[in-house]
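Inside the fold
Below, each chain spelled out in residue letters.
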Amino acid sequence: MAVRPNLMDVNTLYDLSSTVVINYFNLYEKDLISLPDNILFDLYYKLYKDNRICLLGWELVDLNVFARMLKVTHKRLQLLQCFQSLMDHGTDISKELAVSYADKCMCSQMCPSLLESTIDLGLRLGAFLSDAGWFKDSESVLVHCRDLCLCARETPASLRRTLECYHKLFNVQAAYCLFPEAAQTYQEIHELILTLRKMNELPNLAALYKEFSIHFFLRSEYDKAHKWSVEALKQLVPGLPATVVIDVLRQLSKTCVVKRQFKKAEVVIRQAVRMANEVYEPNHFKLADALLDYGFFLLNYDCINHCVKVINKALDIKKATYRRKNIYVASALEDLAYALYVYEYSTGRFKRARDFSEDAIVILEELLPPNHLMLSSAKRVKALILEEIALDMQSNALVDSLLPDAELLHITALELSVKALGDNNVQTAKHYGNLGRLYQSMKKYKEAEEMHLKAIAIKEERLGKDDYEVGLSVGHLASLYAYHTKQYEKAVEHYLRSIEIGLKLFGETYSGLEYDYRGLCHVYGKLHDVERVAHYTFVLNQWKVLREQLSMQESKIVLDETGPLQPLPDIIDFFFKD
């Protein structure tokens, strides 16, 4: 028997009416179809809030009903929450909607009058499933939508719509690491752009160029990624949606980080975060995306304390939207695990980092097919953490257990990377380097040197001889020569090169300099060069003073990125002034 609404629990007549309808839902269900979309949405959201998930799933799994909810665009966040609650509950609404849409496409091919509305629905549904993190079903929807677009009569309007579909499809294929499919879509997009350009019907391409950049960034092809993000910036003009501007600035900042253009990266990402704070609600998933990219900048710029705070905030927002069982949450957990690994590197307190990394892997293994590339990065992070825990342990039994576990994770990550990206790739090189460090810990020195040299060769070819990643691998090889194989002259050569790269990119407060300075003190001690031992001991002590000063400055930073916005033309002028 339904419970009568308590009038003390409702504040308005609208709330009271909604409560009555929900409590007697079976009586009113047939009449709900006549309600306006926004009112019907509120009723369904109340089912979610009242935890009546089975009833909610029964309603929203109907493609026609869900299509109406997609039109209530200003409540996207609430729809994502409802959707995720159904997925968590075991209602595979994502697959059900994708299958229903495929059936609808077949009907539309036989009934041309349905073509336009079916394409419009596919664009909406495909984009929503991507926002929700269910990329496989999103791709299925958008592939069917693309096929319908290609069946339509070619007009400027239909071709622009086809380009929009290709845009969304390319986004999903890149995000889900479907690189061969993305490469084919990329080629077809360029052919379509050429056709539209000849017709003088080409729309603004800022958002699409940004997707090109993301694709190449995920493939670790950083020169191409940076090129396309700069092209996207050039396309920013007055009148574009704020979301497009924010996303372009976010991606531009990431490519500037990997190109070590830190000043540009900082200006651009701060503008993006401030815009996101103005445009989105405080708990909006798009604000979390901006914060994660800000955390990426801070991590690479050696502001690790602030980085952890930013990523923590982003993770909280992601969890508020997606709960736990979601790819976006897993990705944020991985980011936080790695940030904490770096933050606690000198203390050895890796428990939280390990917990977050393991949680990320559990979620990804539950959601992804076996051997998916997304698992590569998460396993790499856990392996790094396990190695450091093992080195800090006093028990040989624990060391003997953790290091083989780390090796298996690293080898798996390497194999996934080689399969998806090839051997001559920066991500693959990172895995070689990680294995090199691990083999040092496992006293497999010949294998360690081989891995480090492979990593250095690939990074130099792909990134240049003075890149941060090269410096990192050179420093690791120096430590092998200094502490394990006792090749002191080689150690000095590599330490000095690593220091040179670190100073050039980050300045004299760079955290990584500590290990190089300590290594030189050790090597010169072994060589009985008292003068140089004294020199680098002094340099190391000066570095500690500078780091303490920097730490005090960072501790006073308030996590507030809501400052005044700069005019967009000023941001663009700043970027190109050099």
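Residues numbered from 1 in each chain as written. Predicted model: local features only at pLDDT ≥ 70, side-chain atom pairs only at ≥ 80, totals over all residues. Heavy atoms only, no water.

An unreviewed UniProt entry lists the protein chain under the name Amyloid protein-binding protein 2 isoform X1, with Frankliniella occidentalis as the source organism.

In terms of regular secondary structure, the protein chain is built from 28 helices and 0 strands. Here the protein chain has a C-alpha radius of gyration of 27 Å; the compact-globule value for 578 residues is 25 Å, and the two agree. Taken along its principal axes, the extent of the C-alpha atoms in the protein chain is 90 × 65 × 45 Å. Out of the 578 residues belonging to the protein chain, those deemed buried represent 53%. Within the protein chain, contacts between residues separated by at least 24 positions form 66% of all contacts whose residues are at least 6 apart in sequence. When the accessible area of the protein chain is evaluated, it comes to approximately 26700 Å², of which 53% is carbon and sulfur surface. Looking at charge distribution, the protein chain has the averaged site of its 69 positive side-chain charges lying 1 Å from that of its 76 negative ones. (Helix = DSSP H or I, 4+ residues; strand = E, 2+ residues; numbered from the N terminus. Rg over C-alpha atoms; globule rule 2.2 N^0.38 Å. Buried < 20%, exposed > 50% of the residue type's maximum accessible area, 1.4 Å probe, protein only. Contact = heavy atoms within 4.5 Å. Areas by Shrake-Rupley, 256 points an atom, 1.4 Å probe, with all protein chains shown as cover. Lys, Arg positive; Asp, Glu negative; His and termini not counted. Charge placed at Lys NZ, Arg CZ, Asp CG, Glu CD.)

Those residues carrying the UniProt feature "repeat: TPR" (unreviewed entry) are residues 429–462 in this numbering. The distance separating the terminal C-alpha atoms of residues 429–462 is 10 Å; by composition the span is 91% helix and 0% strand. (UniProt positions renumbered as here; feature names shortened; annotations may be inferred.)

Where helix α10 (residues 156–175) contacts helix α11 (residues 179–198), the two axes come as close as 9 Å, and the packing angle between them is 155°. Classed by the angle they form, the pair α10 and α11 counts as roughly antiparallel. Crossing handedness for the pair α10 and α11: left-handed. Between α10 and α11, the residues in contact are P156, L159, R160, T162, L163, Y166, H167, L169, F170, Q173 and A174 and F179, E181, A182, T185, Y186, E188, I189, L192, I193, T195 and L196, respectively. Per-class residue counts for the contact of α10 with α11 are 14 nonpolar, 5 polar and 3 charged. (Axes fitted to C-alpha atoms, helices over the stretch in contact; angles between N-to-C directions. Parallel < 35°, antiparallel > 145°, perpendicular 65-115°, else oblique. Left-handed = near helix turned anticlockwise from the far one by under 90°. Nonpolar A, V, L, I, M, F, W, Y, C, P; charged D, E, K, R; others polar.)

In this structure the tally under the stated criterion is 39 salt bridges. Linking D223 and K259 is a salt bridge whose minimum nitrogen-to-oxygen distance equals 2.4 Å. With a gap of 36 residues between them, D223 in helix α13 (residues 222–234) and K259 in the loop between α14 (242–258) and α15 (262–279) connect regions that are remote in the sequence. According to the relative accessible area criterion, D223 is partly exposed, its value standing at 48%. Given the relative accessible area of 32%, K259 is considered partly exposed. For the salt bridge of D302 with R547, the shortest nitrogen-to-oxygen distance reads 3.0 Å. Within this pair, whereas D302 is found in the loop between α16 (285–300) and α17 (304–322), its partner R547 is found in helix α27 (residues 530–555), the two being separated by 245 residues in sequence. (Salt bridge = Lys/Arg side-chain N within 4 Å of Asp/Glu carboxyl O.)

Counting 200 residues, the largest nonpolar core has L60, F66, F83 and L236 as its most contacted members. Filtering out sequence-adjacent residues up to four positions away, L236 remains in contact with A206, V245, V248, L249, L568 and I572. (Core = buried A, V, L, I, M, F, W, Y, C linked by side-chain atoms within 4.5 Å.)

A few words on the packing of aromatic side chains. Under the definition given, this model contains 30 aromatic pairs. Ring geometry for Y338 and Y341: centres 5.6 Å apart, planes at 40°, overall tilted. With a gap of 3 residues between them, Y338 and Y341 both fall in helix α18 (residues 327–343), about one helical turn apart. Exposure remark for Y341: the relative accessible area of 4% places this residue in the buried category. An aromatic cluster of three or more residues is present, and its members are F262, Y294, F297, Y301, Y468, F506 and Y510. The side chain of K318 reaches across the aromatic face of Y328, ending 4.8 Å from its centre. (Phe/Tyr/Trp six-rings, centres within 6.5 Å; stacked < 30°, edge-to-face > 60°. Lys NZ or Arg CZ within 6 Å of the ring centre and 35° of its normal.)

Under the criterion given, the structure shown has 0 disulfides. Here C256 is not cross-linked by a disulfide; its sulfur's nearest cysteine counterpart is in C303, at 16 Å. (Disulfide = S-S within 2.5 Å.)

Look at α17: 26 Å from first C-alpha to last across 19 residues, which is about the 27 Å you get at 1.5 Å a residue. Looking at the residues trailing α17, positive phi occurs at R323, about 60°. (Expected span 1.5 Å × (residues − 1).)

In terms of burial, helix α5 (residues 63–70) is a largely internal element, 7 of the 8 residues being buried. Turning to α5, its buried residues number three or more, namely L63, V65, F66, A67, R68, M69 and L70. Close packing links the buried residues of α5 with α3 (37–49), α4 (53–60), α6 (76–89), α7 (93–110) and α8 (115–132).

Okay, the environment of L375 next. Tracing the backbone through its elements, the reader meets L375 in helix α20 (residues 374–392). Distance in space between the C-alpha atoms of L375 and T412 is 9.1 Å, their sequence separation being 37 residues. Setting aside its immediate chain neighbours within four residues, L375 contacts I361, L364, E365, L368, P369 and L416.

This next bit is on the packing of α15 against helix α28 (residues 568–576). Relative orientation of the contacting elements α15 and α28 amounts to 165°, with a least axis distance of 10 Å. Comparing their axes, α28 and α15 come out roughly antiparallel. The handedness of the crossing between α15 and α28 is left-handed. Across the interface between the two elements, K263, K264, V267, V268 and Q271 from α15 touch I571, F574 and F575 from α28. When grouped by side-chain class, the residues that make up the contact of α15 with α28 number 5 nonpolar, 1 polar and 2 charged.

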